[in-house]
Structure formats: C-alpha cells, structure tokens
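Each chain is listed here by its residues.
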Amino acid sequence: MKILVTGATGFIGAAVARKLSQQGHEVVALSRSDAAAAKLRAAGLTPIAGDFANPASLAAPAAQVDAVVSTASIGQVEGTPESFAKDRDAVEVMTKALGDSGKPLIFTSGSAIFGVFTKGEASPTIFDEEQPVPLPASVFAPPEAEIPPPFIAGFGGAMAPRAETETAVLRAAGIRGIAIRPGLVYGEGRGYDLPNLIALTKTHGAAPHLGAGGVRHGYVHIDDLVELYVLALERAPAGTMLHGSISVSPARRPEKSWTGPRPDMTSWKTWSTAPTQFRTPSKRSGGIQFAYPRDRRR
C-alpha cells in the first residue's frame, strides 16, 4: 500500500514508518523544506509537500494514498486547548480527503486523556476503551486533589478537542477510522519520561515519584506499540479504539523517601529509594528490569 504517515520524524511516527517500509509498503511523509525531504529520502521514505500545522496542505497528500497513519500532534508539543484543536482540524481535513473510499485512517491520541490528579494516591478506577471522554472535572480533579482552577480549565480545555478528534475518526462514514491511545512509550534509548527518570535517579541516587507514590503508570515498548499499529492497519474494523499500554502493578508505598525543592514549582517533590518495578510483555527491555504482574494488551 501507499501510506501517509504524519509525524514520520517523531519517536512513534519514525518507528511506524520504518516498520511499514520494511514490510514493502511505500511510506509517504510530510515535508516542509528541501532539507527535510532529503532526510526523509535517506530514511527510505517518500517526501511530499505538506505541513501538519497547515490543514489545507494535507488534503492533496491524503487523497493520493491508500491509508493514513497520523502520529503528529501539535497539542502534544504545546499542550494548549488551541493546539489540540489544530490537531483536530488537521485530522478532519485528511478524513474528508479520503472520501467514501473505505480506506483506513489511524489517529494517535494518548493515555493523557485519562489523566486524573490524586496527589500521588493509588486509585482502583480502571478506564477502558468504552469510557466516555472527556472526563468531567469532578473525576480528573476531585476537590480533595486541590488542583488550582486555572489548571483544571486548561487541562479540561485541552482534552476536549482531543476527545472530539477521537469521536470524529471513530464515527466517520466512508473510511475505516481507528484511534490508538499509547501509554508512556520507551525504547531505543528514548522515551517520553523514562530517560529523564533514569537521569534523575543517577543524579540523586533515588528514583522520583509524585506525592504519596501510589500511582503506577502504564508503559509500552516502542516495538510493541509499532506492532499494534501494523495489526490495526491490517485488521481493525471501523470504529475501533485501542489502548497501547500494559497493565500496572498493584500500588505499594516506598520504603524510604526524602523531600527536596521542586524545580519551577511552589510545592515539593518526593524521591524514593525503592524504585517501582515493572515487567514488559516482550523481551525488549533494553537492559531495564521491569515487573508487571501480567500482560494485558488491548
């Protein structure tokens, strides 16, 4: 197939594009300059003029392909309601460009849509693929969490357009719309937070945790996530929501902790000398020992 991958130079997008290219597909990637086009060619991809931040430029590229895998996100970078709305507008243009073709379009959302503030306390709540979104403020920021109102408004405002994009893709008529919510991704020496946590541990001699330390996060190795994208592209029916993460271990309190000033914040940070243990669903841990009680891929 001829497949358009947006965000093909990003962590997830590059890995997905590389895998699809290895499988014999022609992977098309957006390019805003000759220099960017040269880098894409060097990676074995076919550059095409377009800019995710300029939705109008996406119609022609999307109309020329057999499938779209969208991993780009302005909201992921800027984190504002306006930036997530730009993601929504870009995906809308590509959806319309596919018309009534029945072609697949995968939208990359994220587990942050279920972000809940608990002061680091464990919660028994499990959000599955059927959970209505966006979450109301009473759920993601309960009064006991003491979250400042401006932060509540900002987070809620950001997640609303992300939820709208998910719904629009899943309900789109004429295409095979699929949405994937990756957990915290790691691998290839990269990740959205794990490299920073490792660096902080090396610096301070202890691994950091938020607040009481009861929260556990769902991680996923980039290779496992790429496999999910490939399988979704091949097999997932229209309207499929997929969680790209694995289950987390039961919460336990850190054995020792100490507090220190929290950078750029007026609150505090707690560090634990008993780092959380996880286990990956594959052998791709890259030398890091993880320990989950079981594998629950969705």
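In this report, we go over the structure that sits alongside the text. The shown structure was predicted, so the numbers you read here are calculated from the model rather than taken from an experiment.

Calculation criteria
- Residue numbering note: each chain is counted from 1, following its sequence as written.
- Given that this is a predicted model, residues contribute local features only at a pLDDT of at least 70 and side-chain atom pairs are listed and counted only at 80 or more, while totals for whole chains, interfaces and linings are drawn from all residues.
- Processing note: side-chain calculations cover all non-hydrogen atoms of the structure and skip hydrogens and water entirely.
- Here a salt bridge means any side-chain nitrogen of Lys or Arg lying within 4 Å of a carboxyl oxygen belonging to Asp or Glu.
- Secondary structure elements follow DSSP: runs of H or I no shorter than four residues count as helices, runs of E no shorter than two count as strands, and numbering proceeds from the N terminus.
- For the exposure calls, accessible area comes from a 1.4 Å probe over protein chains only, and a residue counts as buried if that area is under 20% of its type's maximum, exposed if over 50%, partly exposed in between.
- Two strands are said to pair when DSSP picks up at least two bridges between them.
- Ring pairs are drawn from Phe, Tyr and Trp, using the six-membered ring of Trp, whenever the two centres fall within 6.5 Å, and their geometry is named by plane angle: stacked under 30 degrees, edge-to-face over 60, tilted for the rest.
- The axes used here are C-alpha line fits, helices contributing only the stretch in contact, and every angle between their N-to-C directions lies in the interval 0 to 180 degrees.
- A contact between two residues is defined here by any heavy atoms of the two lying within 4.5 Å.
- To estimate how far a helix should reach, multiply one less than its number of residues by 1.5 Å.
- For this classification, under 35 degrees means roughly parallel, over 145 means roughly antiparallel, 65 to 115 means roughly perpendicular, and everything else is oblique.
- In this scheme the crossing of two helices becomes right-handed for a clockwise turn of the near helix relative to the far one and left-handed for an anticlockwise turn of less than a right angle.
- Amino acids are sorted into nonpolar (Ala, Val, Leu, Ile, Met, Phe, Trp, Tyr, Cys and Pro), charged (Asp, Glu, Lys and Arg) and polar (every other residue, Gly among them).

### Focus on the pattern of salt bridges
- Considering all chains together, one arrives at seven salt bridges under this definition.
- Taking the shortest distance from any N to any O, the salt bridge between D89 and R88 comes out at 3.4 Å.
- Across the salt bridge formed by R88 and E164, the nearest N and O atoms sit 2.7 Å from each other. Here E164 lies in helix 7 (residues 149-171) and R88 lies in helix 5 (residues 81-98), a separation of 76 residues in the sequence.

### What to know about the pairing of strand 6 (residues 176-182)
- Along strand 6, seven of the seven residues are buried, which leaves the element largely enclosed by surrounding structure.
- Where burial is concerned, the two faces of strand 6 agree: the one with R176, I178, I180 and P182 and the one with G177, A179 and R181 are both buried.
- Sheet topology places strand 5 (residues 104-108) next to strand 6; five bridges connect them, and they run parallel. What sits directly across from F107, in strand 6, is A179.
- Inspection of the sheet shows strand 6 paired to strand 11 (residues 240-244) by five bridges, in the parallel sense. Looking at strand 11, one finds that I180 is bridged to L242.

### Digging into the packing of aromatic side chains
- Within this structure, the stated rule accounts for six aromatic pairs.
- When the centroid spacing of 4.9 Å and the interplanar angle of 10 degrees are considered together, the rings of F114 and F127 count as stacked. With F114 in the loop between strand 5 and helix 6 (137-140) and F127 in the loop between strand 5 and helix 6, this residue pair connects regions lying 13 residues apart in the sequence. Side by side, F114 and F127 carry an identical accessibility label, which is buried.
- One aromatic cluster is present, built from ring pairs that chain together F117, F140, F151 and F155.

### What to know about the sheet that holds strand 5
- In space, the seven strands of this open sheet follow the order 3-2-1-4-5-6-11, with parallel pairing throughout. The open sheet has two free edges, formed respectively by strand 3 (46-49) and strand 11, since each of these has just one partner strand. Put simply, the sheet's adjacent strands are angled 25 degrees from each other on average, direction ignored.
- In this fold helix 1 (residues 11-22) packs onto strand 1 (2-6), strand 2 (26-31), strand 4 (67-70) and strand 6, with an angle of close to 165 degrees to the strand it touches most, strand 1.
- Of the strands in this sheet, strand 5, strand 6 and strand 11 touch helix 7, which is tilted by about 145 degrees from strand 6.

### What to know about helix 5
- Here helix 5 spans 26 Å end to end across 18 residues, near enough to the 26 Å set by a 1.5 Å rise per residue.
- The set of residues buried in helix 5 consists of S83, F84, A85, D87, A90, V91, M94, T95 and L98.
- One or two positions beyond helix 5, positive phi appears at G99, with a value near 60 degrees.

### Focus: the sheet that holds strand 8 (residues 190-191)
- Here three strands make up an open sheet; going across it, the order is 8-7-10 and the pairing mixed. Edge strands, defined here as strands with exactly one partner in the open sheet, are strand 8 and strand 10 (219-221).
- Of the strand pairs in this sheet, strand 7 (residues 184-187) and strand 8 are connected by two bridges, and their pairing is antiparallel. When the sheet's bridge partners are listed, G187 is paired in strand 8 with R190.
- Helix-sheet contacts for helix 9 (residues 222-235) involve strand 7 and strand 10, and the interaxial angle to strand 10 is about 80 degrees.

### With respect to unusual backbone geometry
- Here V133 and P134 are connected by a cis peptide whose omega angle stands at 0 degrees.
- Among the structural elements, P134 can be located in the loop between strand 5 and helix 6.
- One non-glycine residue, K119, adopts positive backbone phi at about 60 degrees.
- By secondary structure assignment, the location of K119 is in the loop between strand 5 and helix 6.
- Unusually for a residue other than glycine, E188 sits at a positive phi of about 60 degrees.

### Structural notes on the packing of helix 1 against helix 9
- Put simply, helix 1 and helix 9 touch, their axes get as near as 9 Å, and they point 60 degrees apart. Judged by the angle between their axes, helix 1 and helix 9 are oblique. Of the two elements, helix 1 crosses helix 9, and the hand of that crossing is right-handed. Together, F11, I12, A15, V16, K19 and L20 of helix 1 and I222, L225, V226, Y229, V230 and L233 of helix 9 make up the contact between the two elements.
- Considered class by class, the residues forming the contact of helix 1 with helix 9 number 11 nonpolar, no polar and one charged.

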